Structure formats: C-alpha cells, structure tokens
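Spelled out from the first residue to the last, the chains are:
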Amino acid sequence: IDFSGKGSPKVEAYYRKNNKKVKIKIKVGFEVHSEQAAAYFLRFVGFSQDTMKYYKKIKLYLGEQSLAEFFKMYRRRYSFEMLPRYIVEKYEGPGEHWIVLKDVLIESHDPNLVRLGPYDFEGWDLLNRREHRGSMLFYAWLNLMEAVSDNYKMILKKGGKYPKVI
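Every value quoted in this text rests on a predicted model; they were computed, and no experiment measured them. All residue numbers refer to position in the chain's written sequence, counted from 1. Local features in this predicted model are restricted to residues whose pLDDT is 70 or higher, and side-chain atom pairs enter the listing and the counts only when it is 80 or higher, whereas totals over whole chains, interfaces and linings include all residues. Processing note: side-chain calculations cover all non-hydrogen atoms of the structure and skip hydrogens and water entirely.

**A few points about the overall build of the protein**
1) Next: Under the scheme used here, helices are H or I runs from DSSP no shorter than 4 residues and strands are E runs no shorter than 2 residues, and both carry numbers assigned from the N terminus. Looking only at helices and strands, the protein has four helices and nine strands in total.
2) Next: In the protein, the succession of α and β elements from N to C terminus is β-β-β-α-β-α-α-β-β-β-α-β-β.
3) Next: Per-residue accessibility, obtained with a 1.4 Å probe over protein chains only, is compared with the maximum for each type, and a residue is labelled buried under 20%, exposed over 50%, and partly exposed between these values. Residues classed as buried in the protein amount to 33% of the 166 residues present.
4) Next: Split by element, the accessible area of the protein, about 11600 Å² in all, is 54% carbon and sulfur. Only the protein chains shown count as cover for residues, and the accessible areas themselves come from Shrake-Rupley with a 1.4 Å probe.

Listed below in structure tokens is the structure:
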C-alpha cells in the first residue's frame with residue numbers, strides 16, 4: 001500500500017487477476033462523485049480520461065501493515081479527520097489486517113494504453129489557439145481543483161502500425 005495524491009486521499013494498491021498483479025488507485029473523499037461525473041463528461045466531449053469505476057464498499061487488505069501503521073501513514077499525508085467517515089469496518093487479527101471503505105473510486109490503467117504527457121499549458125502557441133483557451137474555460141467551468149500538468153495526459157491505444165488516440 002502506497003499513498004499518493006496531494007489534495008484528495010488516494011491509496012495505490014493491487015489485486016490479482018488470472019495470476020497477474022493489476023495495479024489500481026483507490027480514491028476516497030469529497031471528490032469521488034464529482035470526479036467520476038467530470039471524467040464521463042470530459043470523455044464525452046473528446047478529452048482523454050482514465051478509466052474509473054465507483055463502488056459503494058471495498059475491502060482493502062493491508063498485508064503486513066498494521067491498522068496503526070496505516071492510520072499513521074495516512075495522517076502524515078492527509079487530514080485524518082476525514083478518514084473515519086469512509087471506514088465502515090476494520091479488522092486486525094493474526095496474519096490478517098483489513099478495512100472496509102465506503103464511497104470509493106477505483107482507477108486502473110489498461111496495459112494496452114499509453115499515456116503521453118505531461119501537458120504543457122504554455123507550450124508552443126497554445127495560448128493563441130481557440131481550442132486551448134476553450135479547454136481551460138471548460139476545466140474552470142467544471143471547477144477542477146487539481147490543475148497540475150500531470151493530470152492532463154493524452155491516452156493512446158497500442159497496436160497496429162501507429163498508436164491510436166482515444
């Protein structure tokens with residue numbers, strides 16, 4: 001388990017599918033519902049967006065990490081006051097530690113996709129292009145809070161002679 005993200009709580013984890021590790025990002029917090037809605041809306045109008053799915057509850061196994069260690073690491077990174085709102089259940093026993101989180105968004109990266117970026121907001125002649133200025137207004141209209149370049153990457157699909165922009 002690894003914590004990531006600056007504004008909203010995110011946990012990087014994995015699960016096994018067909019005996020292979022699949023990395024995922026688990027998001028909790030006040031942005032879960034709005035981020036999902038914004039991503040669908042952005043994808044609909046042609047922007048590249050990561051694949052994500054909402055779950056009412058998930059069980060997060062902590063592996064060797066104890067509940068106390070998990071909470072300590074969480075507290076170092078984020079505001080601890082928010083966490084109890086999202087924990088429905090917790091267990092710590094011999095060889096097994098887990099928590100059940102509610103209102104979560106799972107983000108995964110398809111191995112057949114390539115992410116290009118980060119996007120340079122001021123590069124080339126973008127400030128003189130109507131499409132660029134329009135996209136910035138669109139982001140402002142959506143009230144996206146994390147306007148850092150790493151969040152805006154073009155996603156390409158592998159395969160064929162050339163990658164395809166999706």
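**What about the sheet that holds strand S8 (residues 154-157)?**
1) Next: Here, strands pair whenever DSSP counts at least two bridges between them. Read across the open sheet, the three strands follow the order S7-S8-S9; overall the sheet is antiparallel. What marks the edges here is a single partner per strand, and that holds for strand S7 (113-116) and strand S9 (164-165).
2) Next: Sheet topology places S7 next to S8; four bridges connect them, and they run antiparallel. Note on S8: the bridge partner recorded for Arg115 is Ile155.

**Some points on helix H4 (residues 130-142)**
1) Next: In this scheme, a helix's expected span is set at 1.5 Å multiplied by one less than its residue total. Over its 13 residues, H4 runs 18 Å from end to end, which matches the ideal 18 Å to within 8%, given 1.5 Å per residue.
2) Next: Restricting attention to buried positions, one finds in H4 the residues His132, Ser135, Phe138 and Tyr139. Projected down its long axis, H4 shows its buried positions confined to an angular sector of 120 degrees, all on one face. Away from the buried face of H4 by more than 90 degrees, exposed residues Arg130, Leu137, Ala140 and Trp141 are located.
3) Next: Contact criterion: two residues are considered in contact whenever any of their non-hydrogen atoms come within 4.5 Å of each other. Residues of H4 that are buried in the fold lie against helix H1 (32-44). By definition, the arc is the one covered by directions from the helix axis to the C-beta atoms.

**A short note on the pattern of salt bridges**
1) Next: Throughout this description, the term salt bridge denotes a Lys or Arg side-chain nitrogen within 4 Å of a carboxyl oxygen of Asp or Glu. Per the counting criterion, the structure on display carries three salt bridges.
2) Next: Salt-bridge contacts for Lys25 lead to Glu107; the nearest nitrogen and oxygen are separated by 4.0 Å. With Lys25 in strand S3 (residues 20-27) and Glu107 in strand S6 (residues 96-108), the pair connects residues that are 82 residues apart, well separated along the chain.
3) Next: Here Lys27 ties to Glu35 by a salt bridge, and the two come within 2.5 Å at their closest N and O atoms.

**Observations regarding the nonpolar core**
1) Next: Joining through side-chain atoms within 4.5 Å is the link that ties buried Ala, Val, Leu, Ile, Met, Phe, Trp, Tyr and Cys residues into a set, and such a set is a nonpolar core. Ile26, Leu60, Phe70, Ile99 and Leu101 are the most contacted members of the largest nonpolar core, which has 21 residues in total.
2) Next: Elements with a contribution of two residues or more to this core: strand S2 (10-17), S3, strand S4 (51-61), helix H2 (67-77), helix H3 (83-86) and S6.

**Regarding unusual backbone geometry**
1) Next: Of note in this structure, Asn19 is not a glycine but carries a positive phi near 65 degrees.
2) Next: As for its position among the elements, Asn19 is in the loop between S2 and S3.
3) Next: Given a relative accessible area of 73%, Asn19 falls into the exposed group.
4) Next: Of note in this structure, Asp103 is not a glycine but carries a positive phi near 55 degrees.
5) Next: For Asp103, the position within the fold is in strand S6.
6) Next: You can call Asp103 partly exposed: its relative accessible area is 24%.

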